[in-house]
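Chain by chain, the residues:
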Amino acid sequence: MPKVNVHKPGSLCWIELATSDQPSAKKFYEQLFGWTADDRPMGPDSFYTMFKLDGRDVAAACTLRPDQLQRGVPPHWNLYVAVANVDESAERAGELGASVLAPPFDVFDAGRMAIIQDPTGAILSLWQAKEHSGVLVNNEEGALCWADLMTRDRDKAADFYSALLGWKIEKEDENPAHGYYHIKNGEDYIGGIPPTEHTDPNITTHWHIYFQTADCEAKTAEAKSLGASVYLPNLKMEHVGTLSVVADPQGALFSIFQPAEKK
């Protein structure tokens, strides 16, 4: 199992579920991916769930705040990216046209973070690790393996993230309306920006995460049996793999992905 101890700047380093029913969501992901839950008190009536896969941190979950529920914020997955200096990165993000929704702040001794909204509308957290580096396993069964930016202004997003995080954007087709944009951090492919025709205009711009599996069809059926909604079942892409788009019982979207066999 690929294990991670330190995330280099620009890496996808953490994922966090914000949900309307934390106990039920916890049960769903434990059953679907074999995660185990470590609940840590956050206050009198709240807790932060650290999910583990084979004893290593793989994700987290918390309950949507009352103000978020009042604003109609739906259950969703939050994505974190590692940076060397969160104060400098947040300031730079603002200079590049992002909105800094939460200026840099310390999370106990775990790390320091900021929350930004990129110029196209997607929300992303920046993470400078201290005691908590982030996910400790990826690209394996039940672990984070990819993320897509679902935006209708791909070139603006590509320019922003290249300038902020040093990502290289490789375009399959120079026509901005076609082809997939691959996101590369150093030598690592970590995500992409799908063509605009694959982006539902009724869905808010967001980061969409993928969990890896050895059998997409079986895992998708299992998710459905556990109460998930399946929006796109078992899409096969030659030389790439098979994916499904699902929503957990509370409505948080994610994808299940089975990589193509290497020949």
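Residues numbered from 1 in each chain as written. Predicted model: local features only at pLDDT ≥ 70, side-chain atom pairs only at ≥ 80, totals over all residues. Heavy atoms only, no water.

1. Brief notes about the state of the cysteines
What makes a disulfide is a covalent bond joining the sulfur atoms belonging to two cysteines. Heads up, the condition is: The disulfide criterion is simple: two cysteine sulfur atoms within 2.5 Å. Summary of the burial criterion: residues with accessible area below 20% of their type's maximum are buried, those above 50% are exposed, and those between are partly exposed, where the area comes from a 1.4 Å probe applied to protein chains only.
The full count for this structure, using the stated rule, is zero disulfides. No disulfide involves Cys145; its sulfur sits 10 Å from the nearest other cysteine sulfur, which is in Cys216. Here Cys216 falls in the buried class, since its relative accessible area comes to 0%.

2. A closer look at the environment of Leu126
Applied cut-off: A run of H or I in DSSP counts as a helix once it spans at least four residues, and a run of E counts as a strand once it spans at least two, with each numbered from the N terminus. Here a residue-residue contact requires only that any non-hydrogen atoms of the pair lie within 4.5 Å.
With respect to the element layout, Leu126 can be found in strand β8 (residues 123–129). A sequence separation of 44 residues divides Leu126 from Ala82, and the C-alpha atoms of the two residues are 6.1 Å apart. With near-sequence residues (within four places) excluded, Leu126 lies in contact with Val81, Val83, Val86, Ser89, Ala90, Arg112, Met113, Ala114 and Ile116.

3. Some details on helix α3 (residues 86–95)
A turn of α-helix holds 3.6 residues, and therefore any two residues three or four places apart point the same way. Quick reminder of the rule: When we speak of the arc, we mean the arc of directions from the helix axis to the C-beta atoms.
Among the residues of α3, Val86, Ser89, Ala90 and Ala93 are the ones counted as buried. Burial along α3 is one-sided: seen end-on, the buried residues are contained in an arc of 100°. Pointing more than 90 degrees away from the buried face of α3 are the exposed residues Glu88, Glu91 and Glu95. For α3, the elements touching its buried residues are β6 (99–107), β7 (111–117), β8 and α4 (154–165). Downstream of α3 by one or two residues, Gly97 has phi in the positive range, about 105°.

4. Let's talk about the pairing of strand β13 (residues 206–212)
Here is the rule: Here, a strand pair is defined by DSSP locating no fewer than two bridges between the strands.
The buried count for β13 comes to six of seven residues, which makes it a mostly enclosed element. As defined by bridge partners, strand β9 (residues 144–150) adjoins β13 across six bridges and the pair is classed as antiparallel. Within β13, the position partnered with Met150 by the bridge is His206. Relative to strand β16 (residues 253–259), β13 runs parallel, the two being bridged by three bridges. Pairing of Tyr210 across the sheet is with Ser255, part of β16.

5. Examining the sheet that holds strand β10 (residues 168–171)
Put simply, the rule reads: Only C-alpha atoms enter the line fits that serve as axes; for helices the fit covers just the stretch in contact. Angles between N-to-C directions range over 0 to 180 degrees.
Strand order in the open sheet formed by eight strands is β10-β11-β12-β9-β13-β16-β15-β14, with mixed pairing between adjacent strands. The sheet terminates laterally at β10 and β14 (229–237), the two strands that pair on one side only. Between one strand and the next, the sheet's axes are offset by a mean angle of 25°, whatever the strand orientation.

6. Regarding the nonpolar core
Among soluble globular proteins, nonpolar side chains are generally buried collectively. To keep things clear, this is the line we draw: Here, nonpolar core means buried Ala, Val, Leu, Ile, Met, Phe, Trp, Tyr and Cys residues that are tied together by side-chain atoms lying within 4.5 Å of each other.
Among the nonpolar cores identified, the biggest contains 54 residues, and Tyr29, Trp35, Trp77, Tyr161, Trp167, Trp207 and Phe254 are the most heavily contacted of them. Apart from residues lying up to four places away in sequence, Trp35 is in contact with Tyr29, Glu30, Phe51, Lys52, Leu53, Val58, Ala59, Trp77, Gly142 and Phe211.

7. Some words on the sheet that holds strand β4 (residues 56–63)
Here eight strands make up an open sheet; going across it, the order is β2-β3-β4-β1-β5-β8-β7-β6 and the pairing mixed. Lying at the two open borders of the sheet, with one neighbouring strand each, are β2 (36–43) and β6. Taking the axes of each pair of neighbouring strands and ignoring which way they run, one obtains an average angle of 25° across the sheet. Relative to β8, β7 runs antiparallel, the two sharing seven bridges. Residue pairing for β8: Gly111 is matched across the bridge by Ala129.

8. Observations regarding the packing of helix α1 (residues 22–33) against helix α5 (residues 216–225)
Which entries qualify depends on this criterion: Should an angle lie under 35 degrees it is considered roughly parallel, over 145 roughly antiparallel, and from 65 to 115 roughly perpendicular; all remaining angles are considered oblique. A crossing counts as left-handed when the near helix is turned anticlockwise from the far one by less than a right angle, and as right-handed when that turn is clockwise. The classification used treats Ala, Val, Leu, Ile, Met, Phe, Trp, Tyr, Cys and Pro as nonpolar, Asp, Glu, Lys and Arg as charged, and all other residues, Gly among them, as polar.
One way to put it is that α1 packs onto α5 with a least axis distance of 10 Å and a crossing angle of 155°. Relative to α5, the element α1 is oriented roughly antiparallel. In this structure, α1 meets α5 at a crossing whose hand is right-handed. In contact with Phe28, Gln31, Leu32 and Phe33 of α1, α5 contributes Lys219, Glu222 and Ala223. The class makeup of the residues in the contact of α1 with α5 is four nonpolar, one polar and two charged.

9. A look at the side chain of Gln212
Going by this rule: Counting of polar contacts relies on pairs of N or O atoms within 3.5 Å, with two restrictions inside protein: one atom must be capable of donating a hydrogen and the other of accepting it, and residues adjacent in sequence are counted only when both atoms are side-chain atoms.
Position of Gln212 among the secondary structure elements: in strand β13. Only 3.3 Å separates the side chain of Gln212 from the backbone oxygen of Asn139, close enough to count as a polar contact. Setting aside chain neighbours within four positions, we find Gln212 in contact with Asn139, Glu140, Glu141, Gly142, Ala143, Cys145, Phe257 and Pro259.

10. Focus: the packing of aromatic side chains
This is how it is decided: The aromatic pairing rule takes the rings of Phe, Tyr and Trp, using the six-membered ring of Trp, and pairs them if the centres are within 6.5 Å, calling planes under 30 degrees apart stacked, those over 60 edge-to-face and the rest tilted. Think of it as a cone above the ring: NZ of Lys or CZ of Arg counts as a charge over the ring if it is within 6 Å of the ring centre and within 35 degrees of the ring normal.
Under the defined criterion, the tally for this structure stands at 20 aromatic pairs. Ring plane angle 20° and centroid distance 5.3 Å describe the contact between Tyr161 and Trp167, whose orientation is recorded as stacked. In terms of burial, Tyr161 and Trp167 fall into one category: buried. Taken together, the ring pairs connect Phe28, Tyr29, Phe33, Trp35, Phe51, Trp77, Phe211 and Phe254 into an aromatic cluster. Lying across the ring of Tyr181, Arg154 places its NZ or CZ 3.8 Å from the centre.

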